[in-house]
Amino acid sequence: MVLHGYWRSSASYRVRIALALKGVDYDARSWDLRHGAQFGAEFMALNPLSSVPVLQTDQGPLTQSMAIMEWLETEVPDPTLLSADAMTAARIRAAAQIIASDVHPLNNLAVLKRLRGMGHDEADLRDWMQHWMGRGLAAFQAMLPDSGDFCFGDRPSLADICLIPQLYNARRWALDLAPLQRLVAIETACLAHPAFRAAHPDNQTDAFEETPT
């Protein structure tokens, strides 16, 4: 399999974590989103929406991080990213979707470029990012049980996979994490896990220093 992504893409980061947790080997191909590589004909043949990640399989390309991870859960069920308990599994999915559906779509590169194009300055962008991330992460935290090293117990789940890239992004945009200490504790546990360390943006071969975009 080939994972088409970008080192600092939150959605690509999610899929890297899931692949690492499940012990799935893959090749990585990077597309520089800053310079529009995703809009070229080669990439658009994989994903007409021009977004990463794309997981290229022997059955064809898969797009959308949540769909990719649901496919992985079916193809490689152990270790599970959900729960055998239906109610817990639903709560894990709901928490994950706060990040994937409510927070991340308002904080991605395309939105920032559009806001800049409408004349908003960097202070406006910072306020925008901090507002939506702070609101979403507070709701995420409120949905979690009070105990456990991870979001829902003693092992990582789909909720942790979505949380950690969003916290990485939150730190880039200087969000005040003081009200989110449960999430910070979970982040510490996750970043001590080999799968999360391997998937971290700083450990990707295409990682490099740049100003926030």
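Residues numbered from 1 in each chain as written. Predicted model: local features only at pLDDT ≥ 70, side-chain atom pairs only at ≥ 80, totals over all residues. Heavy atoms only, no water.

**As for the packing of aromatic side chains**
What the rule picks out here adds up to 4 aromatic pairs. Pairing Tyr6 with Trp7 gives two aromatic rings, centres 6.3 Å apart and planes at 65°, and the pair type is edge-to-face. As far as burial versus exposure is concerned, Tyr6 and Trp7 are alike and both buried. Seen from their ring centres, Tyr13 and Tyr168 are 6.1 Å apart, and the 90° between their planes marks the pair as edge-to-face. Placement of Tyr13 in helix α1 (residues 10–21) and of Tyr168 in helix α7 (residues 158–172) is noted, with a sequence separation of 155 residues between them. Across this residue pair, the class does not change: Tyr13 and Tyr168 are buried. (Phe/Tyr/Trp six-rings, centres within 6.5 Å; stacked < 30°, edge-to-face > 60°. Buried < 20%, exposed > 50% of the residue type's maximum accessible area, 1.4 Å probe, protein only. Helix = DSSP H or I, 4+ residues; strand = E, 2+ residues; numbered from the N terminus.)

**Quick notes on the sheet that holds strand β4 (residues 60–63)**
With respect to topology, 4 strands assemble into an open sheet ordered β2-β1-β3-β4, the strand pairing being mixed. On the outer flanks of this sheet lie β2 (27–30) and β4, each paired with one strand and no other. Shown here is a sheet whose adjacent strand axes are inclined to one another by a mean of 20°, direction ignored. As judged from the 4 bridges shared by strand β3 (residues 54–57) and β4, these two strands associate in the antiparallel manner. Across the sheet, the residue bridging to Leu55 is Leu62, located in β4. The strands touched by helix α3 (residues 65–75) are β3 and β4; relative to β4, the strand with the most contacts, the crossing angle is about 120°. (Pairing = 2+ DSSP bridges. Axes fitted to C-alpha atoms, helices over the stretch in contact; angles between N-to-C directions. Contact = heavy atoms within 4.5 Å.)

**Some words on unusual backbone geometry**
The linkage connecting Val52 with the following residue, Pro53, adopts the cis geometry, with an omega of 5°. Assignment of secondary structure puts Pro53 in the loop between α2 (41–46) and β3. Between Asp78 and the following residue, Pro79, the backbone shows a cis peptide bond with an omega angle of 0°. Here Pro79 shows up in the loop between α3 and α4 (86–107). Phi at Ala174 takes a positive value of approximately 60°, unusual for a residue other than glycine. Relative to the elements of secondary structure, Ala174 occurs in the loop between α7 and α8 (181–191). Note on Ala174: relative accessible area 52%, which makes it exposed.

**Regarding α4**
In a regular helix each residue adds 1.5 Å, so 22 residues correspond to 32 Å; α4 covers 31 Å between its end C-alpha atoms and thus fits that length. Taking the largest bend as the criterion, α4 deviates by roughly 35°, centred on Gln97. Ala89, Ile92, Ala95, Ala96, Ile98, Ile99, Ala100, Val103, His104 and Asn107 are the residues of α4 that are buried. Buried residues along α4 sit in contact with α1, α3, α5 (109–117), α6 (122–142) and α7. (Expected span 1.5 Å × (residues − 1). Bend = angle between axes of the 7 residues up to and from the residue.)

**Remarks on the pattern of salt bridges**
Scanning all chains against the criterion turns up 6 salt bridges. The partner of Asp32 in a salt bridge is Arg34, and the shortest N-O contact between them spans 3.2 Å. Arg171 serves as the salt-bridge partner of Glu187, at 2.6 Å between the closest nitrogen and oxygen. Taken as a pair, Glu187 in helix α8 and Arg171 in helix α7 lie far apart in primary sequence, 16 residues in all. (Salt bridge = Lys/Arg side-chain N within 4 Å of Asp/Glu carboxyl O.)

**Topic: the confidence of the model for the chain**
Averaged over every residue, the pLDDT of the chain is 95; the share at 70 or more is 97%. Within the model, pLDDT remains below 50 along residues 209–213, and this stretch shows 16 contacts once partners closer than five positions in the same chain are excluded. (pLDDT = per-residue confidence, 0-100.)

**Description of the packing of α1 against α7**
Interhelical geometry of α1 versus α7 gives an angle of 140° and a closest axis separation of 9 Å. When the interaxial angle is binned, α1 and α7 end up oblique. Read as a crossing pair, α1 and α7 show a hand that is right-handed. Here α1 contributes Ser10, Tyr13, Arg14, Ile17, Ala18 and Leu21 to the contact with α7, which in turn contributes Ile161, Cys162, Ile164, Pro165, Tyr168 and Asn169. For the contact of α1 with α7, the class distribution of residues is 9 nonpolar, 2 polar and 1 charged. (Parallel < 35°, antiparallel > 145°, perpendicular 65-115°, else oblique. Left-handed = near helix turned anticlockwise from the far one by under 90°. Nonpolar A, V, L, I, M, F, W, Y, C, P; charged D, E, K, R; others polar.)

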